[in-house]
Amino acid sequence: LAERLRSSRPAPERAAAALGLAAYVFRSYDARTALLERLGDGREDASVRRASAKSLSWGGHDGRVPEALLALAQDSREDEALRSLAYKAMYRMGHRSEVAEAFEDAVGSGREPLELRKGAAWGAFLTARRAEVRAALLAAFNDRGEDEGLRLEALKSLFTSLNLADVRRLFLAAASDA
């Protein structure tokens, strides 16, 4: 599959190979390397880059993976949809402080485009137990002037912290408003 991904085959075949490599990302250095090559190639077809990002979500134990996904997510020259997907692909990597800080900054920042903020809120669901990330998610949800999609992504990510009093109160209040 790695060779098929690196080949000059049509983009749909390369994208399928990238998705197929997800099963090998955790244990195969070559699979991660091939996916990172495609992800980082700005001339590559967008479907191949998206498939590579999705598959790399399983490779956070290799420091190159969160580094590449984070660089992509924060590169304003890249396509917004791909950047948002890079945030989502890091959802298993929130234990890394630089990833958690990126989630916090993107969700809490009014400077980032809405799609990136929603992608970061989605990606933060395993990181919401960190006080700083949780505070950004709470602020996004509690701001009734925010986009409804962002507020819902923030609420969904906060669910993993339902055992915390501030989050429990938020869910109870949201349920009584419904």
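Scroll up for the structure.
Residues numbered from 1 in each chain as written. Predicted model: local features only at pLDDT ≥ 70, side-chain atom pairs only at ≥ 80, totals over all residues. Heavy atoms only, no water.

A. Expanded view of the packing of helix α7 (residues 97–108) against helix α9 (residues 131–142). Running from N to C, α7 and α9 cross one another at 20°; their axes reach a closest spacing of 9 Å. Judged on the interaxial angle alone, α9 and α7 are roughly parallel. With respect to the hand of their crossing, α7 and α9 are arranged in left-handed fashion. Contacts between α7 and α9 involve A100, E104, V107 and G108 from the former and E132, V133, A136, L137 and A140 from the latter. (Axes fitted to C-alpha atoms, helices over the stretch in contact; angles between N-to-C directions. Helix = DSSP H or I, 4+ residues; strand = E, 2+ residues; numbered from the N terminus. Parallel < 35°, antiparallel > 145°, perpendicular 65-115°, else oblique. Left-handed = near helix turned anticlockwise from the far one by under 90°. Contact = heavy atoms within 4.5 Å.)

B. Summary view of the packing of aromatic side chains. Across all of its chains, the model carries 5 aromatic pairs by this definition. Considering the side-chain rings of Y87 and F103, the 6.4 Å spacing of their centres and the 40° angle between planes classify their relative orientation as tilted. Placement of the pair is Y87 in helix α6 (residues 80–89) and F103 in helix α7, with a sequence separation of 16 residues. According to the relative accessible area criterion, F103 is buried, its value standing at 0%. On the basis of an interplanar angle of 20° and a centroid distance of 5.3 Å, the ring pair of Y91 and F125 is categorised as stacked. Taken as a pair, Y91 in the loop between α6 and α7 and F125 in the loop between α8 (114–123) and α9 lie far apart in primary sequence, 34 residues in all. In this structure Y91 comes out as buried when scored by relative accessible area, which is 17%. Clustering of aromatic rings is evident, with ring pairs tying together Y91, W122 and F125. Positioned over the ring face of W122 is K88, at 5.8 Å from the centre of the ring. (Phe/Tyr/Trp six-rings, centres within 6.5 Å; stacked < 30°, edge-to-face > 60°. Buried < 20%, exposed > 50% of the residue type's maximum accessible area, 1.4 Å probe, protein only. Lys NZ or Arg CZ within 6 Å of the ring centre and 35° of its normal.)

C. Up close: the packing of α8 against helix α10 (residues 148–158). Contact geometry for α8 and α10: axes closest at 8 Å, N-to-C directions at 15°. Here α8 lies roughly parallel to α10, going by the angle between them. Read as a crossing pair, α8 and α10 show a hand that is left-handed. Where α8 abuts α10, its residues L114, R117, K118, A121 and W122 lie against G149, L150, E153, A154, K156 and S157. Residue composition of the contact of α8 with α10, by class: 5 nonpolar, 2 polar and 4 charged. (Nonpolar A, V, L, I, M, F, W, Y, C, P; charged D, E, K, R; others polar.)

D. Just α9, in detail. A rise of 1.5 Å per residue sets the reference length of α9, with its 12 residues, at 16 Å; its end C-alpha atoms lie 16 Å apart and thus fit the reference within 8%. Contact partners of the buried residues in α9: α7, α8, α10 and α11 (165–177). (Expected span 1.5 Å × (residues − 1).)

E. Summary view of the nonpolar core. Ranked by internal contacts, the top residues of the largest apolar core, which has 53 residues, are L5, L69, Y87, M90 and L137. Residues within four places of L137 in sequence aside, it is in contact with V107, A121, A124, A128, A154, S157 and L158. (Core = buried A, V, L, I, M, F, W, Y, C linked by side-chain atoms within 4.5 Å.)

F. View of the layout of surface pockets. Taken as a whole, the largest pocket holds about 170 Å³ of empty space. As for the largest pocket, its lining consists of F141, N142, R144, E148, R151, L152, L155, L170, A173, A174 and D177. Listed by contribution, the elements that provide at least two residues to the lining of the largest pocket are α9, α10 and α11. Tallied by class, the residues present in the lining of the largest pocket amount to 6 nonpolar, 1 polar and 4 charged. (1 Å grid on protein atoms, 1.4 Å probe; cavity = no way out; pocket = protein on both sides within 12 Å on 5 of 7 lines; lining within 4 Å. Points joined across faces, edges and corners; volume = space filled by probe spheres on them.)

G. Summary view of the pattern of salt bridges. Scanning all chains against the criterion turns up 20 salt bridges. Across the pair E44 and R38 runs a salt bridge whose closest N-O atoms are separated by 2.8 Å. E98 serves as the salt-bridge partner of R96, at 3.0 Å between the closest nitrogen and oxygen. A residue is classified by how much of its surface remains accessible, and R96, at 24% relative accessible area, is partly exposed. Overlapping salt bridges, with partners in common, bring together R14, R38, D41, R43 and E44 in one network. (Salt bridge = Lys/Arg side-chain N within 4 Å of Asp/Glu carboxyl O.)

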